Amino acid sequence: MKEPSTILHGFSKKSRDEKLEIVASFIENGNDTVETLKSFHHNDPEVQEMIEEFSENAISNFHLPFSVVPNFLINGKVYMLPMVIEESSVVAAAANSAKFWFSHGGFKTEVLGTEKIGQVHFLCHDNVELLRYKFPELKESLIAGCELITENMRGRGGGILDIQLKDLTHMEPGLMQLFCTFETADAMGANFINSCLEQFSATFKEWHATQKEFNEDGLDVVMCILSNLTPNCRIRCTVETEIENFNNVIPGISGDEFVSRFYTGVRIAEVDPYRAVTHNKGILNGIDAVVLASGNDFRAVEACAHAYASSGAQYLPLSRVVIHENRFQFSLEVPLALGVVGGLTNLHPLVKLSLSLLRHPSASELMSVAAAAGLATNFSAVKSLVTTGIQKGHMKMHLFNIMKQLGVPDHLKKSVVEYFKDKKVSVYAVRSLMEQMTFNPIAEKHLKVD
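Cut-off values and rules
- In this convention, every chain numbers its residues from 1, walking through the sequence in written order.
- In keeping with the predicted nature of the model, local features appear solely for residues at pLDDT of at least 70, side-chain atom pairs appear and are counted solely at 80 or more, and the whole-chain, interface and lining totals rest on all residues.
- Only hydrogens and water are removed before side-chain values are computed, so all heavy atoms of the structure are retained for them.
- Residues enter a nonpolar core if they are buried and are Ala, Val, Leu, Ile, Met, Phe, Trp, Tyr or Cys, with the set joined through side-chain atoms within 4.5 Å.
- Each residue is assigned to one of three classes by its accessible area relative to the maximum for its type, calculated with a 1.4 Å probe on protein chains only: buried under 20%, partly exposed between the two thresholds, exposed over 50%.
- Throughout, a residue-residue contact means that at least one pair of heavy atoms, one from each residue, lies within 4.5 Å.
- A helix here means a DSSP run of H or I that spans at least four residues, while a strand means a run of E at least two residues long, and both kinds are numbered starting from the N terminus.
- Multiply 1.5 Å by the residue count of a helix minus one, and that product is the helix's expected span.
- To get the bend at a residue, fit one axis to the 7 residues ending there and another to the 7 starting there, then take the angle between the axes.
- Pairs of N or O atoms within 3.5 Å make up the polar contacts considered here, provided that, within protein, one atom can donate a hydrogen while the other can accept it, and that residues adjacent in sequence are counted only when both atoms are side-chain atoms.
- At least two bridges found by DSSP between two strands are what make those strands a pair.
- Patches here: salt-bridge-free residues with over 30% relative accessible area, like charges joined within 9 Å, nonpolar side chains (Val, Leu, Ile, Met, Phe, Trp, Tyr) joined within 5 Å.
- Computed with the Shrake-Rupley method and a 1.4 Å probe, the accessible areas treat only the protein chains shown as cover for residues.
- In the sections that follow, a salt bridge refers to a side-chain nitrogen of Lys or Arg positioned within 4 Å of a carboxyl oxygen of Asp or Glu.
- Think of it this way: Lys and Arg go in the positive column, Asp and Glu in the negative one, and His and the chain ends go nowhere.
- To locate a charge, take atom NZ for lysine, CZ for arginine, CG for aspartate or CD for glutamate.

1. Focus on the nonpolar core
Step number 1: Among the nonpolar cores identified, the biggest contains 92 residues, and Phe-72, Leu-81, Phe-107, Phe-200, Ile-287, Phe-328 and Leu-336 are the most heavily contacted of them.
Step number 2: Contacts of Leu-81, omitting those with residues within four sequence positions, involve Ser-67, Val-68, Val-69, Phe-72, Ile-74, Val-290, Leu-357, Leu-358, Val-369 and Ala-373.
Step number 3: Core analysis: the next-biggest nonpolar cluster, separate from the first, contains 14 residues, Leu-412, Val-425, Val-430 and Leu-433 among them.

This is the structure:
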């Protein structure tokens, strides 16, 4: 292992093997590291090459479990959901919810809008009132200048919806923006929007140069970029049933008690931002898993969801409970900018498989599926929190990870699981049990850990 003494130049242009050799020089047991990295390469060289083209400086593949969850009834249609996530309890929670709500009407969704947003930020050193007066003329030029870019999108029912001039000079001297809205049909639309914005910038500069009333150096375009805050690309997902249907969903707890406790659990998130963030993280557990499986940008979805939750005076939960006339309604409202064409959707084999499993959904249908996954995982999490506690399910999954870590033989795993059914799980406790089993395997079911 060596410490870097000079800047590495041209690393991205080196072959994979050359990159691996350099990486090995920075790590103890570098040769073992290289073999580990190579062991995760796809056995088909063409597939491996394709995967490496998705990113810069790729030297291996980082695998995450690809899970499926059956029994999702969404808008009267039965789905098997693909979910990519490393937390097994999330998949179990989604499956548990899906099964319960399958028998109680399923998930109902309503797409509240599909509008996307882009902005051209610029500094104006001219007469702002004159720019505002002339803006209708500029707007026509901006839209006309994008005719070739928008032609295909308009053919699919999308395109430029509107362009507004926003004055932010009261917050930053000279700062203004073109606030642009788009419909991108079944595409997430990032490349389309950014292409339009950069053309808007070019057209704006050309137009400005022809206006004799303006100063030659009166316009300075700072940047052109889409916004991942899409409050008008939003979906609502709802489940609803009679309170009596919760009788004994948790053994020994009536429907009335369960609903009361569930309502209080959500109410806590409404009054306490510390709880609300974790509550929303539970929603995004399900949403992100579907977003990843479908080749969409989960970082953008996360950022938008949290910004939307913060849009009022206080950060709030994205889901809410309504109890009315003996009926329980649990709903989620969240912005979701997703696409089913473009990007990885046309390239990654497992993304193609995911969309095939969902029977080739439209972007709006994919929004429904992701929202249902989010509401499902949230329902299971709150249900556990206000009744049996979240750790019961989590620690069961954690036990399997500990057994793997400690190398527990397969023939002993069933006994270990049985032993910890009513005991606290920890690495120390499992290791202690294994030490005792080593000395007395015959009595494995009767052993106690101090």
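2. Observations concerning helix H5 (residues 128-144)
Step number 1: Helix length check: H5, at 17 residues, gives a terminal C-alpha distance of 23 Å against a target of 24 Å (1.5 Å per residue), a fit within 8%.
Step number 2: If you look at H5, its biggest bend is around 55°, right at Phe-135, and the proline Pro-136 turns up within four residues after that.
Step number 3: Three or more residues of H5 are buried, namely Val-128, Leu-131, Lys-134, Phe-135, Leu-138 and Leu-142.
Step number 4: Buried residues along H5 sit against strand E3 (108-124), strand E4 (159-167), strand E5 (175-183) and helix H7 (190-210).
Step number 5: The backbone nitrogen of Glu-129 lies 3.0 Å from a side-chain oxygen of the residue at the head of H5, namely Asn-127.

3. Some words on the pairing of strand E2 (residues 77-84)
Step number 1: Of the pairings in the sheet, the one linking strand E1 (residues 66-74) to E2 comprises seven bridges and is antiparallel in character. By the bridge assignment for E2, Leu-73 is matched with Val-78.
Step number 2: Here E1 hands over to E2 after two residues, with Asn-75 in that stretch at a positive phi of 55°.

4. Details of a negative patch on the surface
Step number 1: A cluster of acidic side chains, namely Asp-44, Glu-46, Glu-49 and Glu-53, defines a negative patch on the protein surface.
Step number 2: Its location among the elements puts Asp-44 in the loop between helix H2 (30-39) and helix H3 (45-52).

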